[in-house]
Amino acid sequence: MIWILMAGILVGLALSGLYKHFVTDRIMDGGDGMENPDTAFLLDGDHTYADNSALWPVLEGTWESEDGRWQASIGEESGIVLSADGETVLASPLDFTYLRPGKVVWTELEVEERELVTPEGVSLGRIREFGYEAADGEGSGTLELTLERPDESEETVIFQKTQEQEQ
């Protein structure tokens, strides 16, 4: 009886070792060996990589719409301050997830509050979509804000970076 139990344990150990070797080490890796987790993968035209700390320097700084009506100031510590016509309409921490494999052109940016309100309490609308769009070449990306107005119309604001955030 003990010999049957010992044989069962040995077969179980052998099968788990074979499973680890063939399934987890070979098939899941594609047979190329383990990928180095410290290696970053090129993702967009701004030459940022698959970790959030690499995208912060691209986002940090002052951004402005072409007509000058909208401004955004972004800092890793301060989040985002969004202004319209010189008045602050949003001050919020900024969050994003930038960990997808392959070339990423669009990164969704998340703010805690989505309603844009003037200091007088007038609603300018609600953020429907907000993100960073990369393009080929250094510093060529844009911020894109799609705003749903109180009258249910939609406005899209494109921001270009005007200056880098000072460290």
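Everything that follows concerns the structure shown earlier in this document.
Caption draft 1: Main features of the environment of Gln-160. The topology assignment puts Gln-160 in strand β10 (residues 154–164). The exposure class assigned to Gln-160 is partly exposed, which follows from its relative accessible area of 41%. Distance from Gln-160 to Thr-62, taken between C-alpha atoms, is 8.5 Å for residues 98 residues apart in sequence. Setting aside its immediate chain neighbours within four residues, Gln-160 contacts Thr-62, Trp-63, Glu-64, Gly-141 and Thr-142.

Caption draft 2: Molecular detail of the nonpolar core. Formed by 28 residues in total, the largest nonpolar core has its most connected members in Trp-70, Leu-82, Leu-116, Phe-130, Tyr-132, Leu-143 and Phe-159. Leaving out residues up to four positions away in the same chain, Leu-82 has contacts with Trp-70, Gln-71, Ala-72, Glu-87, Thr-88, Val-89, Leu-90, Leu-116, Leu-145 and Phe-159.

Caption draft 3: Spotlight on the pattern of salt bridges. Inspection of the entire model under this criterion finds six salt bridges. A salt bridge links Glu-110 to Arg-114, with the shortest nitrogen-to-oxygen separation between them at 3.6 Å. Glu-110 sits in the partly exposed class, given a relative accessible area of 36%. Taking the shortest distance from any N to any O, the salt bridge between Glu-154 and Arg-128 comes out at 2.8 Å. Of this pair, Glu-154 sits in strand β10 while Arg-128 sits in strand β8 (residues 123–133); the two residues are 26 residues apart in sequence, bridging distant segments of the chain. Within this structure, Arg-69, Asp-85, Arg-149 and Glu-155 form a network of salt bridges that share partners.

Caption draft 4: Inspection of a nonpolar patch on the surface at higher detail. A cluster of nonpolar side chains, Ile-2, Leu-5, Met-6, Ile-9, Leu-10 and Leu-13, forms an exposed patch at the surface whose accessible area comes to about 650 Å². For Ile-9, the location among the structural elements is in helix α1 (residues 2–27). Taking the relative accessible area as the measure of exposure, Ile-9 reaches 44% and is therefore partly exposed.

Caption draft 5: Inspection of the packing of aromatic side chains at higher detail. The full count for this structure, using the stated rule, is one aromatic pair. Ring geometry for Trp-63 versus Tyr-132: centroids 6.3 Å apart, planes at 80°, classification edge-to-face. Of this pair, Trp-63 sits in strand β1 (residues 61–65) while Tyr-132 sits in strand β8; the two residues are 69 residues apart in sequence, bridging distant segments of the chain. By the burial criterion, Trp-63 is buried, and Tyr-132 matches it.

Reading the values: the criteria
Residues numbered from 1 in each chain as written. Predicted model: local features only at pLDDT ≥ 70, side-chain atom pairs only at ≥ 80, totals over all residues. Heavy atoms only, no water. Helix = DSSP H or I, 4+ residues; strand = E, 2+ residues; numbered from the N terminus. Buried < 20%, exposed > 50% of the residue type's maximum accessible area, 1.4 Å probe, protein only. Contact = heavy atoms within 4.5 Å. Core = buried A, V, L, I, M, F, W, Y, C linked by side-chain atoms within 4.5 Å. Salt bridge = Lys/Arg side-chain N within 4 Å of Asp/Glu carboxyl O. Patch = residues over 30% accessible without salt bridge, like charges linked within 9 Å, V, L, I, M, F, W, Y side chains within 5 Å. Areas by Shrake-Rupley, 256 points an atom, 1.4 Å probe, with all protein chains shown as cover. Phe/Tyr/Trp six-rings, centres within 6.5 Å; stacked < 30°, edge-to-face > 60°.

Treat this as a map of the structure, not an account of what it does.
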